[in-house]
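One letter stands for each residue in the lines below.
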Amino acid sequence: MKIKNLIVTLLIILMMFGCAKLSLSRNYFILDYNPIIENPKLSIAKPFPYSVQVMDSRMPRTYDRSQIVIRYSAHKLSYSTQNIWAVRLSYLIPDLINKQIKSYNIFSQTQREYLEERPDYEIITYVNRVELFKNEYYTAAHLSMDYYLRKSNNHDDIIKYSFDIEQQIAQNGMDIFAQKISNLLKDHTDIFLIKVIDYFD
């Protein structure tokens, strides 16, 4: 009898351990897109002869974390324990912007870091909000950002562009959310870069 009870106890422990492992399973997401030119205003014959550094994005503490933020109302949000950004957005977003600028060949030199020399210009981004908005009637991807082009020597802002967009998601799923945020990032970086090209042209 004792052996039977011991076996049952061990089985229960193993089942509990298995359930705990399932509950702790995590899904990892990234932002990504193909930086192809879709607007002819982004095509230039020759890159501008300047060096540019794309700085790390600045984010409020609410969003500068690995967990994906889910907002339910103006005063209520939660952090998903199962849905995680694979790379911190304060690094990933400027990496994508840097890749986009280099792909469009806008400047003679565009980098994330300069070790020995100072670049002519800096691109700074503020990510004010990046979240999944969700209630029983409506689900949307929400992204709010500010872009700045400034001179490195005196930190004067030359160009500023801001947007705050909430785009409805027809289907549930964090992969759809990550795709929507990626598309918003590319589209609005394009708008900012058109302003940059107009300034230097």
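About the cut-offs
Residues numbered from 1 in each chain as written. Predicted model: local features only at pLDDT ≥ 70, side-chain atom pairs only at ≥ 80, totals over all residues. Heavy atoms only, no water. Buried < 20%, exposed > 50% of the residue type's maximum accessible area, 1.4 Å probe, protein only. Helix = DSSP H or I, 4+ residues; strand = E, 2+ residues; numbered from the N terminus. Pairing = 2+ DSSP bridges. Salt bridge = Lys/Arg side-chain N within 4 Å of Asp/Glu carboxyl O. Contact = heavy atoms within 4.5 Å. Expected span 1.5 Å × (residues − 1). Phe/Tyr/Trp six-rings, centres within 6.5 Å; stacked < 30°, edge-to-face > 60°. Lys NZ or Arg CZ within 6 Å of the ring centre and 35° of its normal.

Once that is clear, we can look at the pairing of strand S7 (residues 139-151). S7 sits mainly inside the fold: 12 of its 13 residues count as buried. Bridge count between strand S6 (residues 121-134) and S7: 13 bridges; the pairing is antiparallel. Within the sheet, the bridge partner assigned to Ile124 lies in S7 and is Tyr148. Taken together, S6 and the strand that follows it, S7, pair antiparallel across an intervening segment of four residues.

Turning our eyes to something else, we now look at the pattern of salt bridges. Should the charged atoms of two oppositely charged side chains come close, the side chains can pair. According to the stated counting rule, one finds eight salt bridges in the structure shown. Taking the shortest distance from any N to any O, the salt bridge between Arg129 and Glu131 comes out at 3.7 Å. What you see here is one network of salt bridges that share partners, running through Glu38, Lys186 and Asp190.

Let's shift gears to the side chain of Ser51. By the element assignment, Ser51 lies in strand S2 (residues 48-54). Judged by its relative accessible area of 7%, Ser51 is buried. Each residue touching Ser51, except ones within four places of it in the same chain, is listed here: Gln109, Tyr114, Arg118, Pro119, Asp120 and Tyr121.

In this section: helix H2 (residues 89-104). Each full turn of the α-helix corresponds to 3.6 residues, which orients residues three or four apart in the same direction. When the terminal C-alpha atoms of H2 are compared, their 22 Å separation across 16 residues agrees well with the 22 Å that a helix rising 1.5 Å per residue should span. Listed as buried for H2 are Leu89, Ser90, Leu92, Ile93, Pro94, Leu96, Ile97, Asn98, Gln100, Ile101 and Tyr104. Here the buried face of H2 lies against S2, strand S4 (76-85), strand S5 (107-111), S6, S7 and helix H3 (174-200). Positive phi shows up at Asn105, right after H2, with a value of about 60°.

What characterises a pair of aromatic rings is the spacing of the ring centres plus the angle enclosed by the ring planes. Counting across every chain of the model gives 14 aromatic pairs. Seen in terms of ring centroids, Phe48 and Phe107 are 6.3 Å apart; in terms of plane orientation they differ by 55°. Their pairing is tilted. One end of the pair, Phe48, is in strand S2; the other, Phe107, is in strand S5, with 59 residues separating them in the sequence. Of the two residues, Phe48 and Phe107, neither departs from the other in class, the shared state being buried. Ring centres of Tyr199 and Phe200 lie 4.9 Å apart, and the angle between their planes is 85°; on these two criteria the pair is classed as edge-to-face. Lying across the ring of Tyr79, Arg65 places its NZ or CZ 3.9 Å from the centre. Over the ring of Tyr148 we find Arg150, and its NZ or CZ is 5.8 Å from the ring centre.

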